[in-house]
Amino acid sequence: MRKFILNNFNKFFSIAFNLPDNSSIIILNGGIGNQLFQYLLGEELRNIYKKNVLFYDIRKSYRNNHNSYIENLFNIKLNKFGQTKRNNLFSFIFLSAPFLKFNKFFLNVFNFKLISNFYFDQNINLKISKDRKFFEVYFGTWHSLINKYKFLEKRKSINFNRNFRLSNKFKFKEEFIALHVRRGDYISSKKTSRYHGNLKKSYFIKSVNYIRNKYGNIPVVLFSDDYKWLNINLKEFIPNSIVFSSDSISAEEDLFYMTKARFFILSNSTFSWWAAFLSTKKNKFIIVPKYWFNKVKTSQKYIYKNWDYKII
């Protein structure tokens, strides 16, 4: 009886959203790093589990609105979920940020899902999706799934748009260290700061010293969304370093230039994580912070399995 009710309830969502049963809506939110993880989940569902994948963008509903957008940076075209007169009310309710956040909160507190075919970051098993032909919604970052994807092993590279080219100002044709400091909403938002935590200056200096002791006096290029902070707090303390960016450079351009490095010092941010992942350099080496979230230590599920890395 429970299975019958559940099946009919899931069938109801397919009808209400005017989509085939085998459809998966992935909620697009956050900055470019989060969007890339959401895109990768979509590729896994589409290629391995043969799902009809659509993306629904709710970035504008957040107070901290990230302007960077995956389609502006890469040769990617997302299949978007379109609202119609028929499904407008259902998407307004069930795909809204408050409704999704409440369901995630309820799952965290009571370890129980209010809606069975709504999936969040916690304890998800994609293999279950293979046998389920119902409509699904995915709301999360999906970073922790990175080493479980089958499609990733044979994927084509994610290519930047043609309008991204190395500037003549960027003179680092030799190897360099890309050091990224994430500040922005990590500083301006108390809630975000409590959740993510902020790395100390000592972490970055210690990381530079570690790489240089291992590989030599390699130049450091400093990247951040707070370039004034870089000049005051890091540039003066790290010899042979430059702040390449200025406030006029976009986050997209920063990411593009960071991918040209062989050595990476990451913040606890998916932005710098993806710079290291997208780099095509051989024998990459990555420094990862000890804590990925505030008081939550970095575990193997946040580190790509093929990386040569050091946790500091």
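The written sequence of each chain sets the order in which its residues are numbered from 1. Thresholds applied to this predicted model are a pLDDT of at least 70 for local features of residues and 80 or more for the giving and counting of side-chain atom pairs; totals over whole chains, interfaces and linings are not thresholded and use all residues. For side-chain calculations, the full set of non-hydrogen atoms in the structure is used, while hydrogens and water are omitted.

A. Molecular detail of helix 11 (residues 251-258). Of all the eight residues making up helix 11, six are buried; the element is thus mostly covered by neighbouring parts of the structure. Note on classification: 1.4 Å probe, protein chains only; a residue is buried when its accessible area is under 20% of the maximum for its type, exposed when over 50%, partly exposed between these limits. We count a stretch as a helix when DSSP gives it H or I for four or more residues in a row; a strand needs E for two or more, and each element gets its number in order from the N terminus. Within helix 11, the full set of buried residues consists of E252, D254, L255, F256, Y257 and M258.

B. Spotlight on the packing of helix 11 against helix 12 (residues 270-278). Axis lines are fitted through C-alpha atoms, for helices just across the contact stretch, and the angle between N-to-C directions can take any value from 0 to 180 degrees. At a closest axis distance of 8 Å, the pairing of helix 11 and helix 12 adopts a crossing angle of 40°. Judged on the interaxial angle alone, helix 12 and helix 11 are oblique. Classified by chirality, the crossing of helix 12 by helix 11 is right-handed. Of the residues in helix 12, those touching helix 11 at A251, D254, L255 and M258 are F271, S272, W274 and A275. Residue polarity follows a fixed list, in which Ala, Val, Leu, Ile, Met, Phe, Trp, Tyr, Cys and Pro are nonpolar, Asp, Glu, Lys and Arg are charged, and the others, Gly among them, are polar. When its residues are assigned to classes, the contact of helix 11 with helix 12 shows six nonpolar, one polar and one charged. Note on angle classes: values under 35 degrees are labelled roughly parallel, values over 145 roughly antiparallel, values of 65 to 115 roughly perpendicular, and the remainder oblique. Should the near helix be turned anticlockwise from the far one by less than a right angle, the crossing is left-handed, and should it be turned clockwise, the crossing is right-handed. Two residues qualify as a contact provided that any one of their heavy atoms is within 4.5 Å of a heavy atom in the partner residue.

C. Summary view of the packing of aromatic side chains. Centre distance within 6.5 Å is the pairing criterion for rings of Phe, Tyr and Trp, where only the six-membered ring of Trp is used; planes under 30 degrees apart are then read as stacked, over 60 as edge-to-face, and the remainder as tilted. Within the structure shown, the criterion is met by 30 aromatic pairs. The interplanar angle of 50° and the centroid separation of 6.5 Å between the aromatic rings of F17 and F90 together place this pair among those described as tilted. Residue F17 is located in the loop between helix 1 (2-16) and strand 1 (23-28), and its partner F90 is located in helix 4 (residues 88-94); the two are separated by 73 residues in the primary sequence. Its relative accessible area of 24% is what places F90 among the partly exposed residues. Considering the side-chain rings of W292 and Y302, the 6.3 Å spacing of their centres and the 10° angle between planes classify their relative orientation as stacked. With W292 in strand 10 (residues 291-293) and Y302 in the loop between strand 11 (296-297) and strand 12 (309-311), this pair connects stretches of sequence that are 10 residues apart. Among the residues examined, W292 registers a relative accessible area of 3% and is labelled buried. Here Y302 falls in the buried class, since its relative accessible area comes to 12%. One Lys or Arg, K201, reaches over the ring of F237 and ends 4.1 Å from the middle of that ring. In this scheme, Lys NZ or Arg CZ marks a charge over a ring once it lies within 6 Å of the ring centre and within 35 degrees of the ring normal.

D. View of a nonpolar patch on the surface. Nonpolar side chains (Val, Leu, Ile, Met, Phe, Trp, Tyr) within 5 Å and like charges within 9 Å form the patches, drawn only from residues with over 30% relative accessible area and no salt bridge. Using a 1.4 Å probe, the Shrake-Rupley method yields the accessible areas, and only the shown protein chains count as cover for residues. Basic side-chain nitrogens of Lys or Arg form a salt bridge, by our definition, when they fall within 4 Å of a carboxyl oxygen of Asp or Glu. The grouping of F102, F105, V109, F110, F112 and L114 at the surface amounts to a nonpolar patch, some 630 Å² of accessible area in total. If you trace the backbone, V109 turns up in helix 5 (residues 97-110).

E. Spatial organisation of the sheet that holds strand 8 (residues 263-265). Across the sheet, which stays open at both edges, the six strands sit in the order 7-6-5-8-9-12 with parallel pairing between neighbours. Lying at the two open borders of the sheet, with one neighbouring strand each, are strand 7 (241-243) and strand 12. Adjacent strand axes in the sheet meet at a mean angle of 20° when their direction is disregarded. Packed on one face of the sheet, helix 9 (residues 201-215) meets strand 5 (177-181), strand 6 (220-224), strand 8, strand 9 (285-288) and strand 12 and runs near 155° to strand 9. Here, a strand pair is defined by DSSP locating no fewer than two bridges between the strands.

F. Layout of the sheet that holds strand 3 (residues 118-119). The parallel open sheet is built from four strands, whose spatial order is 2-1-4-3. Edge strands, defined here as strands with exactly one partner in the open sheet, are strand 2 (52-57) and strand 3. Strands in contact with helix 2 (residues 32-47) are strand 1, strand 2 and strand 4 (136-138); relative to strand 1, the strand with the most contacts, it is inclined by about 170°.

G. Structural detail: the nonpolar core. In this text, buried Ala, Val, Leu, Ile, Met, Phe, Trp, Tyr and Cys residues form a nonpolar core when linked through side-chain atoms within 4.5 Å. Formed by 56 residues in total, the largest nonpolar core has its most connected members in F74 and W273. If we ignore the near neighbours within four places in the chain, the residues touching W273 are F37, H143, I146, L266, W292, Y302, I303, Y304 and W307.

H. Spotlight on the side chain of R182. If you trace the backbone, R182 turns up in the loop between strand 5 and helix 7 (185-188). Residue class for R182 comes out buried when judged on its relative accessible area of 17%. Identification of polar contacts relies on pairs of N or O atoms within 3.5 Å, with a donor-acceptor requirement for protein atoms, meaning one able to donate a hydrogen and the other able to accept it, and with residues adjacent in sequence counted only if both atoms are side-chain atoms. Within polar-contact distance, the side chain of R182 engages the side chain of S269 at 3.3 Å.

I. Quick look at a positive patch on the surface. On the surface, K206, K290, K297 and K310 cluster together into a positively charged patch. By the element assignment, K206 lies in helix 9. With relative accessibility at 55%, the residue K206 sits in the exposed group. Only four residue types enter the charge count, namely Lys and Arg as positive and Asp and Glu as negative; His and the chain termini do not. Here the site of a charge means atom NZ of a Lys, CZ of an Arg, CG of an Asp or CD of a Glu.

J. Inspection of the environment of L255 at higher detail. Tracing the sequence through the fold places L255 in helix 11. For L255, a relative accessible area of 0% gives the class buried. In the structure, L255 is positioned 182 residues away from L73 in sequence and 9.2 Å away in space, judged by C-alpha atoms. Residues contacting L255, with those up to four places away along its chain left out, are I32, L73, F74, F160, F271, W274 and A275.

K. How the structure looks around the environment of F102. Relative to the helices and strands, F102 resides in helix 5. When the C-alpha atoms of F102 and L114 are compared, they prove to be 9.7 Å apart, with 12 residues separating the residues in sequence.

L. The arrangement of unusual backbone geometry in detail. Positive phi outside glycine occurs at N111, with the angle close to 55°. Relative to the assigned elements, N111 resides in the loop between helix 5 and strand 3. In this model, N283 sits at a positive phi of 55°, which is unusual for a non-glycine residue. Mapped onto the secondary structure, N283 falls in the loop between helix 12 and strand 9.

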